[in-house]
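A closer look at the structure
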Amino acid sequence: MVPTPVPSDPPSLPEEGLLTVLPFDAIPEIPLLTYRNPDPSTWIPPGTRVAVPLGRRTVAGLVWSVPAPPFDGTLRDIAGVLDPAPVFPSPLHTLVSFGAWYYKIPPGLLAKSALPPSLSLPKSLPASFWKAYGAPLEEEKREWTDLPPLSLAQSDALREWEEKRHHPFAPFLLRGVTGSGKTRLYQEMAKTALSEGSSVLVLTPEIGLVAPLLEAMRAISPLAEGIHSAQTKAERTRAFARILSGRVPVVVGPRSALFSPLSRLGLIIVDEEHDPSYQAYEGLSFNARNLAIRRAQDLGIPVVLGSATPLSDSIFHVSSGRYHGLSLPGRIGGRSLPAIHLIPSGSGSSPLPDPVPERIAASLDRGEQSVILLNRRGYVPTLLCRSCHTTLSCPSCAVRLVFHKVPDRRMICHSCASSYAVPSLCPTCLGRDLELRGTATQKLEEILGKHFPGARIIRLDADSAQDGQERLAAFREGEGDILVGTQVVAKGHDLPKVTYGVVLETDGMLAFPDYRASERAFGLILQLAGRVGRHREGGQVDIVTRDPDNPVLGWARDYNQEAFYKETLDERRLLGYPPFTRLASVILSSTHEAPIREALAERSPFGKFPAGNGIFGPVPALPPKLKNRYRAQVVIKGPTIGLVHNRLEQVRSYYQSRGKILVEWQIDPFDLG
DNA sequence: AGCACGCCGACT
DNA sequence: GTCGGCGTGCTC
Ligand SMILES: [Zn+2]
Ligand SMILES: [Zn+2]
């Protein structure tokens, strides 16, 4: 979805000696503040950091390029100019203003998220920053290798892109299965931009995926900079300084790199455009993928969205002509995608029904690797009391506590991260007959260890996130035989020796009550299939399910993306979901149950509406209690962002005026769960 | 009474 | 975001 344009601010300069400042702080309503410059003979250019008094504190902020609304009170002097030069160029101010307006988030916090953390403190930058800013850029020594020639499909896609990229702005959706050579095409597109004297920004959904793309970009431009997990904070700050100096031709980074101050930007690439990580962020909700489109649109430069499993929304935009479509059919070298089979879970208690164990064994025998996806971390997800049939849940949240065996035997809440000793009595009825039920990744790792003694098993989930990169590298280097993990195992990593993949607990993913649940499950299955047999022939993937007749699983088995998209889009049109409407999710919460109960008891306080256009709810939120707050959800749908904003304001004022209820929102939420 | 906690308004 | 002022409800 291309966000609709925002009316631009009236062009006027602040009065002589006055400065508009955006503090790195959440000041609702009037975020831009006016200060006096005690030394009006010195011009402080927009984007310069200044220290300003705010209440009884001194905070850092940016001199802003548009004036603040007039203020009648007494103006205060700025406390000081922090840096000798701007750190946030004015073209990016427009993007921050737009993002803050569109997502209804404080622009000060958005600007703060755009800069290395140390820049939001009211302190001057160390000499090392300005040294990195000015010092000659160092090329990493590397073997110069020839890039492989383009396939016919790659050349065709490149030519099509080159022809269309300067015509009326429209994002490009580049579709291509894993191994189809999307990265090779990114290289050629970047080369084209560089040859015209432009720079290139490449975004990845998570920091762990930066390294391979950075490597690919360094092959065409040795001065490419990455923002990656191997860097220390200081290194990242110095990388920012080099980018700010205007000499870095290519930047590869995660969501936060969206605001990289590249000069002469000529191309933006958003890899894995379907990934929900572009949206998620606690407290500050904006979509980096969509803002990247906006940044490109502002500059009139091409933006390329790449994925093997695009959002249904993107598919629709291609069919409606709003996006250009590019595609790379098939894998390079004609290698086939693995065959996918649906395996009934069976009645046994084993999480690995036949023929999964034999196929893992066969893969082991051939000296190849297997990947098993189980979207559930911990050891066992449920502690059930056989006497009163309650499950142990978090005292602060309405969710089950998950039993973890490592690093300690504890009951952990996945919503608030609090942990508790494993009880020996049921806290509800004091019964002793407690049962651990179900299987999560840690237990699966244990089961596999017993089943295949001698096999080297590596687990990858949020609990192993710290050394996740090392574990993954070890597996890639062949230091493991079976990789077990949550959805991280399906993300874009290249795992050459994998020839067998298994997806467990697909039913849970499909049954999740959200309009995007089936798209996520479908995408995850095909992404896992993309990991399998990438460099070796004859791979296969098994999907374990209680519901082998489920059409979504059938389409995944047949790689029938078009049928899936058609069905999904028909359903979304009928029920009024994106891309046929814009969404906002409003969460009402309170430490007391009563205000939420009362809000829920009111039926349709905002009126009756047709499915795709109106204010719906409140309904109990998921989970209905989180971190000691009771929660309800209101969903807003509307054909235009303006209407969604108006309705949000209506909902916000309705509940905030009654007090006791905290109102939070997400514009264009990735999902409603 | 004393205090922790959450809520609310102010901040140029 | 962060601070102070103020009310609620709990403990010493
Ligand atoms: Zn019980
Ligand atoms: Zn909890």
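Residues numbered from 1 in each chain as written. Chains lettered and ligands numbered in written order. Predicted model: local features only at pLDDT ≥ 70, side-chain atom pairs only at ≥ 80, totals over all residues. Heavy atoms only, no water.

So, the protein's contact with DNA strand C
In the vicinity of DNA strand C, the contacting residues are D25, A26, P28, R56, R57 and L109. The protein-proximal atoms of DNA strand C, defined as those within 4 Å of the protein, are 50% sugar or phosphate. Contacts to DNA strand C include D25, whose side-chain N or O atom sits 2.8 Å from a sugar or linking oxygen. Between R57 and DNA strand C, the recorded distance is 2.9 Å, taken from a side-chain N or O atom to a base nitrogen. Considering only residue class, the surface near DNA strand C consists of three nonpolar, no polar and three charged. (Near = heavy atom within 4 Å. Polar contact = N/O pair within 3.5 Å; in protein donor to acceptor, adjacent residues only side chain to side chain. Nonpolar A, V, L, I, M, F, W, Y, C, P; charged D, E, K, R; others polar.)

Digging into the side chain of H404
Topologically, H404 is positioned in strand β17 (residues 401-404). Among the polar contacts made by the side chain of H404, one reaches the side chain of H414 at a distance of 2.9 Å. (Helix = DSSP H or I, 4+ residues; strand = E, 2+ residues; numbered from the N terminus.)

Quick look at the pattern of salt bridges
Summed over the entire model, instances satisfying the criterion amount to 40 salt bridges. For D542, the salt bridge is made with R359, and the minimal N-O distance between the two is 2.8 Å. With D542 in strand β24 (residues 540-545) and R359 in helix α10 (residues 356-365), this residue pair connects regions lying 183 residues apart in the sequence. With relative accessibility at 23%, the residue R359 sits in the partly exposed group. As a salt-bridge pair, R386 and E435 come within 3.3 Å of each other at their nearest N and O atoms. Placement of the pair is R386 in the loop between β16 (382-385) and β17 and E435 in strand β20 (residues 434-437), with a sequence separation of 49 residues. Using a relative accessible area of 41% as the deciding quantity, one classes R386 as partly exposed. Through salt bridges with shared partners, a single network forms among D313, R516, E519 and R572. (Salt bridge = Lys/Arg side-chain N within 4 Å of Asp/Glu carboxyl O. Buried < 20%, exposed > 50% of the residue type's maximum accessible area, 1.4 Å probe, protein only.)

With respect to empty space enclosed by the protein
A water-sized probe rolled over the atoms picks out the places where empty space is left. For the structure on display, the rule yields two cavities of 30 Å³ or more. The calculated volume of the second largest cavity comes to roughly 30 Å³. For the lining of the second largest cavity, a count of residues per class yields six nonpolar, two polar and two charged. (1 Å grid on protein atoms, 1.4 Å probe; cavity = no way out; pocket = protein on both sides within 12 Å on 5 of 7 lines; lining within 4 Å. Points joined across faces, edges and corners; volume = space filled by probe spheres on them.)

A look at the sheet that holds strand β28 (residues 662-667)
One open sheet accounts for four strands, arranged β26-β27-β25-β28; its pairing is antiparallel. The outermost strands of the open sheet, each flanked by one partner alone, are β26 (614-626) and β28. Each neighbouring strand pair of the sheet contributes to a mean axis angle of 25 degrees, computed without reference to strand direction. Inspection of the sheet shows strand β25 (residues 582-590) paired to β28 by six bridges, in the antiparallel sense. Among the inter-strand pairings, L588 is bridged to a residue of β28, identified as V663. (Pairing = 2+ DSSP bridges. Axes fitted to C-alpha atoms, helices over the stretch in contact; angles between N-to-C directions.)

Thoughts on the UniProt feature "binding site: Zn(2+) 2" (unreviewed entry) in chain A
Mapped onto this numbering, the UniProt entry gives "binding site: Zn(2+) 2" (unreviewed entry) at C394, C397, C413 and C416. Maximum C-alpha separation among the annotated residues is 8.7 Å over a sequence range of 23 residues, consistent with a single clustered spot. As for its position among the elements, C394 is in the loop between β16 and β17. C394 has contacts with V399, L401, C413, C416, S418 and Y420, leaving out every residue within four places of it along the chain. You can see C413 is positioned in strand β18 (residues 410-413). For C413, a relative accessible area of 1% translates into the label buried. With near-sequence residues (within four places) excluded, C413 lies in contact with C394, C397, V399, L401 and S418. (UniProt positions renumbered as here; feature names shortened; annotations may be inferred. Contact = heavy atoms within 4.5 Å.)

Thoughts on the packing of helix α5 (residues 182-195) against helix α6 (residues 210-218)
Remark: α5 packs on α6, axes separated minimally by 9 Å, with the N-to-C direction vectors making an angle of 45 degrees. Here α5 is positioned oblique relative to α6, judged by the angle of their axes. The way α5 lies across α6 gives a crossing that is right-handed. Touching T183, Y186, Q187 and A190 of α5 are L213, A216 and M217, all from α6. Tallied by class, the residues present in the contact of α5 with α6 amount to five nonpolar, two polar and no charged. (Parallel < 35°, antiparallel > 145°, perpendicular 65-115°, else oblique. Left-handed = near helix turned anticlockwise from the far one by under 90°.)

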